[in-house]
Amino acid sequence: MDKIKILIADDIEETRNVIKKILNLEKKLFEVVGEASNGEEVIRLIPKVNPDIILMDINMPILNGLEATEKITNEFPYVNVIIMSVQGETEYLKKAMFYGAKEYIIKPFNYDALISTITATYKKYRERQVSLLIKQEERSKAKIISYFSSKGGVGKSVLALNSAITLSKEDSKKTLLLDMDLLFGDISMLVNQYNQKTIFNAVDDGQVDSYENMKNYLYKYNENLDILFAPLNPEASEYINRDSVEKIIKNFENYYDVIIIDTGINFDNNNLYILDYSEVILFVSTMEIVSLKNTKLGLQVMESLGYDKSKVKLVINKFTQNYGISKSEVKDVFTNKIFAMIPEDQKIVSISVNSGQPFCDNHRYYKSKVAKAIKSMCKKLVE
Ligand SMILES: Nc1ncnc2c1ncn2[C@@H]1O[C@H](COP(=O)(O)OP(=O)(O)OP(=O)(O)O)[C@@H](O)[C@H]1O
Ligand SMILES: [Mg+2]
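Asks: For the pattern of salt bridges, give the residues involved together with the corresponding values.
Replies: Counting across every chain of the model gives 14 salt bridges. Note that Asp57 is salt-bridged to Lys107, the shortest N-O span being 3.1 Å. On the criterion of sequence distance, the pair formed by Asp57 in strand β3 (residues 53–57) and Lys107 in strand β5 (residues 103–107) is long-range, its members being 50 residues apart. This pair shows no difference in class: Asp57 is buried, exactly as Lys107 is. The salt bridge involving Lys250 is made with Glu246; its shortest N-O contact spans 2.9 Å. Here Glu246 and Lys250 lie together in helix α10 (residues 242–252), a separation of four residues that amounts to about one turn. A relative accessible area of 26% places Lys250 in the partly exposed class. In this structure, a network of salt bridges that share partners links the residues Asp10, Asp57 and Lys107.

Next up, the structure:
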């Protein structure tokens, strides 16, 4: 194993020396690559010494440990921060974890606690990060964009479908829509197609190993858009594992410009693979307080998964002025910028859902605000 590169940040020299002494006892495992006495120095040192782990004191002058942690999460998402604090700083600790610290350790600590905290944190996050990097490098053609939410009914499927249509028609992209909401996928209903093959048939027939076989399970929506439907009943989803999902996506990605994925609302194995592998995650929320709360939690999970902010984009759907919450208040809640706001239009959306004719494919609604908002979001996605 490579040595774990550690940067020590504490304003008290004696503390730094004690930590160094402990780490030097395990020279085969650790290398102290730098020392800093305030947060600003930490930020300056990171690109120079390239640490795996930063041991960060909370209270430091100039830029304190909390602010520095927040900056690191944004600018250097692959560096793992372990916060060092004294007893009784629980509030600070919670904040530190919120800002993206991966672990904490209470001072004064002993030899064993320090060594095991560092090694466990490194192991837990490094392995995932390395595999994420490899996956990103492996990626070839299609841009993979997933719709995700941490609450049901926010409009994920309507947005996934209508943006796939828009990309295929307006932007002339060869597009694949994968309904990976394996339990409750309803894209087939939204396009009025009930007796088509689904992903379940492909898995059940043992055909997921090649593109040539898989393409027989697609529904051709238009010249540029194919759809793979979700299973017709929830029980079937049990037969579709991460391995099949991976094979399906990898088979298809060389044949499309864009793959849009509608996901389920949990972090199960299949979904985690999809989210890891996506280039962009469109996190859908509405302005309702419950949805906003769940979104905030969901975004924290994404942060702890090591996704950086440019990958996870916030989309507010069903936007109206009537929620009693303004756009600027929503902005205050989230550190992620709002990528797109899709207005509420109950009439147009309900008619299109009920008739199985998506509004982005209906000339009567081309000029509606909701269709226009989707068009401009799609432009931003492929620009
Ligand atoms: N912009 C909008 N304006 C008005 N109604 C909308 C809008 N977007 C979606 N809806 C409505 O919200 C409901 C839920 O939409 P959809 O099924 O796409 O959500 P979902 O997040 O995929 O839900 P599920 O958790 O069931 O998968 C639908 O009845 C749809 O008509
Ligand atoms: Mg849905």
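Having put the structure on the table, let's press on.
Asks: Give me the lowdown on the domain arrangement of the protein chain, citing residues and values where you can.
Replies: As far as domains go, the protein chain holds domain 1 (4–135) and domain 2 (140–382). Computed from C-alpha atoms alone, the centre-to-centre distance between domain 1 and domain 2 is 37 Å. On the side of domain 2, 14 residues touch domain 1, which itself brings twelve residues to the contact. Buried surface at the junction of domain 1 and domain 2, summed over both partners, amounts to about 1100 Å²; 51% is from carbon and sulfur atoms. Joining domain 1 to domain 2, the criterion identifies zero salt bridges. Counting every contact that joins domain 1 to domain 2 gives one residue pair in polar contact (both at pLDDT 80 or more). Per-element tally for the side of domain 1 that touches domain 2: the top contributor is helix α5 (residues 111–138), with four residues.

Asks: Any chance you could break down the sheet that holds strand β10 (residues 258–263) for me, citing the residues and the numbers?
Replies: Strand-to-strand pairing in sheets goes through backbone hydrogen bonds, with the strands running parallel or antiparallel. Ordered in space as β8-β9-β7-β10-β6-β11-β12-β13, the eight strands form an open sheet in which the pairing is mixed. The open sheet has two edge strands, β8 (219–222) and β13 (338–343), and neither has a second partner. Adjacent strand axes in the sheet meet at a mean angle of 25° when their direction is disregarded. By the bridge criterion, five bridges tie strand β6 (residues 143–148) to β10 in an arrangement that is parallel.

Asks: How would you sum up the site of ligand 1? Please name residues and give values.
Replies: As a structural note, the neighbourhood of ligand 1 is formed by 16 residues, with Gly155, Lys156, Ser157, Val158 and Lys318 the closest of them. In the model, an oxygen atom of ligand 1 is placed 3.0 Å from a nitrogen or oxygen of the Gly153 main chain. The side chain of Asn317 places a nitrogen or oxygen atom 2.9 Å from a nitrogen atom of ligand 1. Of all elements in the fold, only α6 (156–169), β12 (312–319) and α14 (346–355) reach the threshold of two or more residues within the shell around ligand 1. A class-by-class count of the residues in the shell around ligand 1 yields five nonpolar, six polar and five charged.

Thresholds applied
Position labels on residues start from 1 in each chain and follow its written sequence. Chain letters and ligand numbers both follow the written order, the letters beginning at A and the numbers at 1. In view of the model being predicted, local features appear only for residues whose pLDDT reaches at least 70, and side-chain atom pairs are presented and counted only at 80 or more, with totals across whole chains, interfaces and linings using the full set of residues. Side-chain figures throughout are based on the complete set of non-hydrogen atoms in the structure, without hydrogens or water. We define a salt bridge as a contact between a side-chain nitrogen of Lys or Arg and a carboxyl oxygen of Asp or Glu at a distance within 4 Å. Secondary structure elements follow DSSP: runs of H or I of four or more residues count as helices, runs of E of two or more count as strands, with numbering from the N terminus. When accessible area is computed with a 1.4 Å probe and restricted to protein chains, residues below 20% of their type maximum are described as buried, those above 50% as exposed, and intermediate ones as partly exposed. Domain delimitation in this document rests on an assignment produced automatically or drawn from a domain database. Contacts are residue-level and defined by heavy atoms, with any inter-residue pair within 4.5 Å sufficient. By buried area we mean how much accessible surface two parts lose on assembly, using a 1.4 Å probe and totalling the loss over both. Any N or O atom pair separated by 3.5 Å or less is treated as a polar contact, with the protein-specific requirement of one donor-capable and one acceptor-capable atom, and with residues adjacent in sequence counted only for side-chain atom pairs. A pair of strands is considered paired only if DSSP assigns at least 2 bridges between the two. In this description, a line fitted to the C-alpha atoms serves as the axis of each element, helices being fitted only across the stretch in contact, and the angle between N-to-C directions of two axes falls anywhere from 0 to 180 degrees. Near, as used in this document, describes a residue that has one of its heavy atoms within 4 Å of the molecule or strand being considered. Residues are grouped as follows: nonpolar covers Ala, Val, Leu, Ile, Met, Phe, Trp, Tyr, Cys and Pro; charged covers Asp, Glu, Lys and Arg; every other residue, Gly included, is treated as polar.

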